[in-house]
Amino acid sequence: MSYVQLSHVMKKFGNVVAIEDLNLSIERGECFSMLGPSGCRKTTTLRMIAGFEDLDGGEIRVGERILSSQAKNFYLPPEKRNFGMVFQAFAVWPHMSVFNNVAFPLQIGKLGKQEIERRTREALKHTNLLGVADKSPDDLSGGGKQRVALARALAINPDVMLLDEPLSSLDPHLREEMRFEIKALQRKFGFSIIYVTHDQSEAMALSDRIMVMKQGVIQQIDTPLNIYNQPANQFVFSFIGLSNQLQVSCDSQGIRFPDVEGSYAIHPAPPAELQSQGKAVLACRPSEIDFVTQGGVPGYVKRRSYLGEVIDYNILVGNQELRIQKGRRSNGPQEGENCQLSFSKLQWYQQEKHTENGGG
Ligand SMILES: Nc1ncnc2c1ncn2[C@@H]1O[C@H](COP(=O)(O)OP(=O)(O)OP(=O)(O)O)[C@@H](O)[C@H]1O
Ligand SMILES: [Mg+2]
């Protein structure tokens, strides 16, 4: 059953339409990520859900409750939405103790002193901050400060937690650790999470479902696995994970690669529509290409490097480069050697139309 629901949401900045018609629903207790490149309107969407931005069209609901409605000219203020919020910048008050940072939003409400104290301690306990409750957040590391922001969001006992790149200012190790902490808190308290990030591995690790967005338009909403294995289009394919995209031509004989002798049978073949255009983009993950001993597409190992668990190959196929990654125990060709490649699990896309000779 859908819980947070955006219906026909429109947002303009001045005369510019930033989001035209956004429709999505998030389940109760779900971890839902909004993923996309910088400027794709992730924060704008989150701010509309939080109530910091009004709408130029459409409606936002939680369950049966309307939060924002352009038609009804109704906006529930952010503090009445019962959403916890954590943003990228450390939004903590250095002149207040950690304890007071967390207690402060509760003091605005109608809670009694004892209840405020209880909830604050509880939130500090679950974020491992009880020991530093009397310190200033400035005495804490970046991770500590972000834990204070998390504790403050937790203390209001939110229905939904809105997180906007909350870990991006932390170092990679801490970032990974805090992902699991956020996930554990969600399991314990059962709130929904709406998580904004442009880091695809973060979205993959945390989410039940990921929405990939481009310029305010949803490209795909799906599980991390499906987003990776069955990308809805070339944008999603190239945004998620490492990707190879080779320009090829195709005819009844098979597939031809620029500057490579011969044509090759590749399965599955491009769809009829692309066949009839005579050209296509062969898109394939670095892990889905194998070295074979005969009948493969010829390549040349330009670079071979160990990345710990995997060996990363930079291969030239004619005039195009591609990446292949294999387990560190695998047998592959050496740098400077020729090789042959077979492709599996590939996607076919249309080549972008561009005019040669610089014509209009
Ligand atoms: N209040 C505003 N007035 C005018 N333009 C705005 C306003 N807020 C955002 N924008 C513009 O809308 C676009 C989308 O911004 P938004 O912050 O939602 O993107 P984002 O996906 O969160 O990007 P990032 O990953 O960089 O945080 C940006 O180009 C931004 O300049
Ligand atoms: Mg943003």
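Right above here is the structure, for reference.
Model, not experiment: these values are computed from the prediction.

> Help me out: how do you make sense of helix H3 (residues 113-126) in this one?
Since the α-helix turns once every 3.6 residues, residues separated by three or four places project in the same direction. In this model, H3 (14 residues) spans 20 Å end to end at C-alpha, consistent with the 20 Å of a helix rising 1.5 Å per residue. Buried residues along H3 sit in contact with helix H2 (98-108), helix H4 (142-155) and helix H5 (172-189). Trailing H3 by a residue or two, asparagine 128 shows a phi angle of about 55°, which is positive.

> Any chance you could explain the site of ligand 1 here in plain terms?
Near ligand 1 you find Phe13, Pro37, Ser38, Gly39, Cys40, Arg41, Lys42, Thr43, Thr44, Glu165 and His198, and these make up its full shell. In the environment of ligand 1, an oxygen atom lies 3.1 Å from a nitrogen or oxygen atom belonging to the backbone of cysteine 40. Between an oxygen atom of ligand 1 and a side-chain N or O atom of lysine 42, the distance comes to 2.8 Å. Protein burial of ligand 1: of its 640 Å² of free accessible surface, 55% is covered by the chains. Sort the elements by how many residues they give to the shell around ligand 1 and helix H1 (residues 42-50) lands first, with three residues. The residue makeup of the shell around ligand 1, split by class, is three nonpolar, five polar and three charged.

> Would you explain H1 in this entry?
Across the nine residues of H1, seven count as buried, placing the element largely inside the fold. Turning to H1, its buried residues number three or more, namely Lys42, Thr44, Thr45, Leu46, Met48, Ile49 and Ala50. Just downstream of H1, glycine 51 is the residue with a positive phi angle, here 100°.

> Can you walk me through the packing of H2 against H3 in this structure?
Helix-helix packing is described using two parameters, namely the angle between the two axes and the distance between the axes. In contact at an axis separation of 9 Å, H2 and H3 are set at 130° when each is read in the N-to-C sense. Viewed along their axes, H2 and H3 adopt a mutual orientation that is oblique. In this structure, the crossing between H2 and H3 has a hand that is right-handed. Residues Val98, Phe99, Val102, Ala103, Leu106 and Gln107 of H2 pack against Ile116, Glu117, Arg119, Thr120, Arg121, Ala123 and Leu124 of H3.

> So what exactly am I meant to see when it comes to the sheet that holds strand E4 (residues 57-62) here?
The pairing of strands in a sheet comes from backbone hydrogen bonds and takes either a parallel or an antiparallel form. Here five strands make up an open sheet; going across it, the order is E2-E1-E4-E5-E6 and the pairing antiparallel. The strands lining the two open edges of the sheet, one partner per strand, are strand E2 (16-27) and strand E6 (74-75). Both strand E1 (residues 2-13) and E2 contribute to a ladder of eight bridges, which runs antiparallel. Looking at E2, one finds that leucine 6 is bridged to leucine 24. Where H1 meets the sheet, its contacts fall on E1, E2, E4 and strand E5 (65-69), and the angle it forms with E1 comes to roughly 120°.

> In this structure, what is going on with the pattern of salt bridges? I would like to understand it.
Applying the stated criterion across every chain yields a total of 19 salt bridges. One salt bridge connects arginine 209 with glutamate 30, and the closest N-O pair in it is separated by 2.5 Å. Of the two residues, arginine 209 is situated in strand E10 (residues 209-214) and glutamate 30 in the loop between E2 and strand E3 (31-35); the sequence distance between them amounts to 179 residues. Residue class for arginine 209 comes out partly exposed when judged on its relative accessible area of 22%. A single network of salt bridges, built from pairs that share partners, joins Lys11, Arg47, Glu53 and Asp54.

About the cut-offs
Residues numbered from 1 in each chain as written. Chains lettered and ligands numbered in written order. Predicted model: local features only at pLDDT ≥ 70, side-chain atom pairs only at ≥ 80, totals over all residues. Heavy atoms only, no water. Helix = DSSP H or I, 4+ residues; strand = E, 2+ residues; numbered from the N terminus. Expected span 1.5 Å × (residues − 1). Contact = heavy atoms within 4.5 Å. Near = heavy atom within 4 Å. Polar contact = N/O pair within 3.5 Å; in protein donor to acceptor, adjacent residues only side chain to side chain. Areas by Shrake-Rupley, 256 points an atom, 1.4 Å probe, with all protein chains shown as cover. Nonpolar A, V, L, I, M, F, W, Y, C, P; charged D, E, K, R; others polar. Buried < 20%, exposed > 50% of the residue type's maximum accessible area, 1.4 Å probe, protein only. Axes fitted to C-alpha atoms, helices over the stretch in contact; angles between N-to-C directions. Parallel < 35°, antiparallel > 145°, perpendicular 65-115°, else oblique. Left-handed = near helix turned anticlockwise from the far one by under 90°. Pairing = 2+ DSSP bridges. Salt bridge = Lys/Arg side-chain N within 4 Å of Asp/Glu carboxyl O.

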